[in-house]
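Chains, contacts and geometry: an overview
Residues per chain are reported as follows:
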Amino acid sequence: MIVYNFSAGPAVLPKEVLQKAQAEFLNYAGSEMSVMELSHRSSLYDQIIKEAEHLLRELMAIPDNYHVLFLQGGASLQFSIIPLNLAQGKKALYINTGAWSKKAISAAEQVPGVEVEVIATSEDQNFTYVPEVTVDQIDQEAAYVHITTNETIGGVTYDKLPQTGEVPLVADMSSNILANDFKVTDFGLIYAGAQKNLGPSGVTLVIIRDDLLNKEPIFAPMLDFALQAKNRSLYNTPPTYAIYIMKLVLEWVKAQGGVQGMIEKDQAKAQLLYQAIDRSKLFSNPVAINNRSITNIPFVTGDEKLDQLFNKEALVAGFQNLKGHRSVGGMRASLYNAFPYEGVEALVDFMQAFEQKYG
Ligand code: PMP
């Protein structure tokens, strides 16, 4: 049976990447060792981590005044250490667009010495749109404005970035990195857990502009961006294998036509599914058209029992991980870069058959 993996993360990886990793698994580049067994200080591993950084710089057009860091602790640790590094004694501004923004806000509120202010929220309409923010709402003395470019649970995304004046924009890009055409130079800091569009879990990407590196040391060296940057992510042992798989994913993205190539494919997949939802009398998606995510698409029937039945039958038919997040229920199709177009076609056929039967 063909299985399609709609997981929100860890998510589907390109088959070619897994095959390459398999082929190199026992004997990497003639070393008679697995990448997993290489010292992170060896020249072979040095080539891997440098190439991962090089490819990312090329694909995202990251200028030299930005550092690329491969860290651990997931995007969730960034929720705490970004305010810790960037906002000591300052205000940190947040735009609240849903579940992941909320987690970032709540973590920042717990960091001593940081004052958090939520400057806009879409909570009034259950987080189904991105609120408008104008530059006069931004305290120009603030450390940063934090946004979540794509809300993985709500399926909400920014169609244009907020104007923040001189205040740097900090973005959680976990679920749409390499699937949007925002310019890196419009941000002071971008971060993303890898397990959606970049590779396996275990490595977290941070792209930080040079002038935002902390000037004073942070009490815990591992949480200190300046120290991590100075050591090129090799202050301690990095997640070596996860970075290696990320490198293979980045090679694959490049071969697929780069970020632009990915966006075109992602848009085609998303359009197919949104059209099916919008034409259907049974399924619906509540998000404002301009803010609909192309990577995470939630939908419901409006009847919890029917949603459960849908998820049960979908599973039997080979559609894995379609169940919506436990906090919201319903269904959610995560269509990251590695997800095949045929999988969406198959899902749409399945939805139509389901609607005929039960709608
Ligand atoms: N931010 C967003 C937008 C996410 O989707 C997730 C994970 N689903 C996280 C943060 C948390 O990431 P992690 O599990 O890597 O801490």
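For the structure itself, consult the block above.
Residues numbered from 1 in each chain as written. Predicted model: local features only at pLDDT ≥ 70, side-chain atom pairs only at ≥ 80, totals over all residues.

**Remarks on the overall build of the chain**
Under the convention used in this document: Segments assigned H or I by DSSP are reported as helices when at least four residues long, segments assigned E as strands when at least two residues long, and all are numbered from the N terminus. As defined in this context, the radius of gyration uses C-alpha atoms, and a globule is described by 2.2 Å times the residue total to the power 0.38. Exposure criterion: with C-beta atoms placed from backbone coordinates, a residue whose C-beta has 20 or more other C-beta atoms within 10 Å is buried, one with 12 or fewer is exposed, and one in between is partly exposed. Contact between two residues is assigned whenever their backbone-derived C-beta positions fall within 7 Å.
Scanning the chain from N- to C-terminus turns up 9 helices and 13 strands. Relative to the 2.2 N^0.38 estimate, which gives 21 Å for 359 residues, the radius of gyration of the chain is 21 Å and therefore close to what a compact globule would have. Viewed in the frame of its principal axes, the chain has a C-alpha envelope of about 65 × 60 × 30 Å. With 359 residues in all, the chain has 45% of them scored as buried. In the chain, 69% of the contacts between residues at least 6 apart in sequence involve partners at least 24 apart.

**Comments concerning the site of the ligand**
Rules: The criterion for a residue being near a molecule or strand is simple: its C-beta atom, placed using the backbone, must lie within 6 Å of it. Ten residue types, Ala, Val, Leu, Ile, Met, Phe, Trp, Tyr, Cys and Pro, are classed as nonpolar, four, Asp, Glu, Lys and Arg, as charged, and the remainder, Gly among them, as polar.
What surrounds the ligand is the set Ala8, Gly9, Gly74, Ala75, Ser76, Trp100, Thr148, Thr152, Asp172, Ser174, Ser175 and Gly193. For the shell around the ligand, the leading source of residues is helix 3 (residues 74–86), giving 3 residues. When the residues that make up the shell around the ligand are grouped by side-chain class, the tally is 3 nonpolar, 8 polar and 1 charged.

**Overview of unusual backbone geometry**
Omega for the peptide link from glycine 9 to proline 10 comes to -10°, which places this bond in the cis form. Relative to the elements of secondary structure, proline 10 occurs in the loop between strand 1 (4–5) and helix 1 (15–23). Phi at alanine 61 takes a positive value of approximately 50°, unusual for a residue other than glycine. Along the chain, alanine 61 falls in the loop between helix 2 (43–60) and strand 2 (66–71). Accessibility expressed as a C-beta count within 10 Å gives 11 for alanine 61, which makes it exposed.

**Overview of the environment of glutamine 228**
With respect to the helices and strands, the residue glutamine 228 is situated in helix 5 (residues 225–230). The class for glutamine 228 is buried, based on 26 C-beta atoms found within 10 Å. Along the sequence, glutamine 228 and leucine 69 sit 159 residues apart, while their C-alpha atoms lie 7.1 Å from each other. Setting aside anything within four residues of it in sequence, one finds glutamine 228 in contact with Leu69, Leu71, Ser233 and Tyr235.

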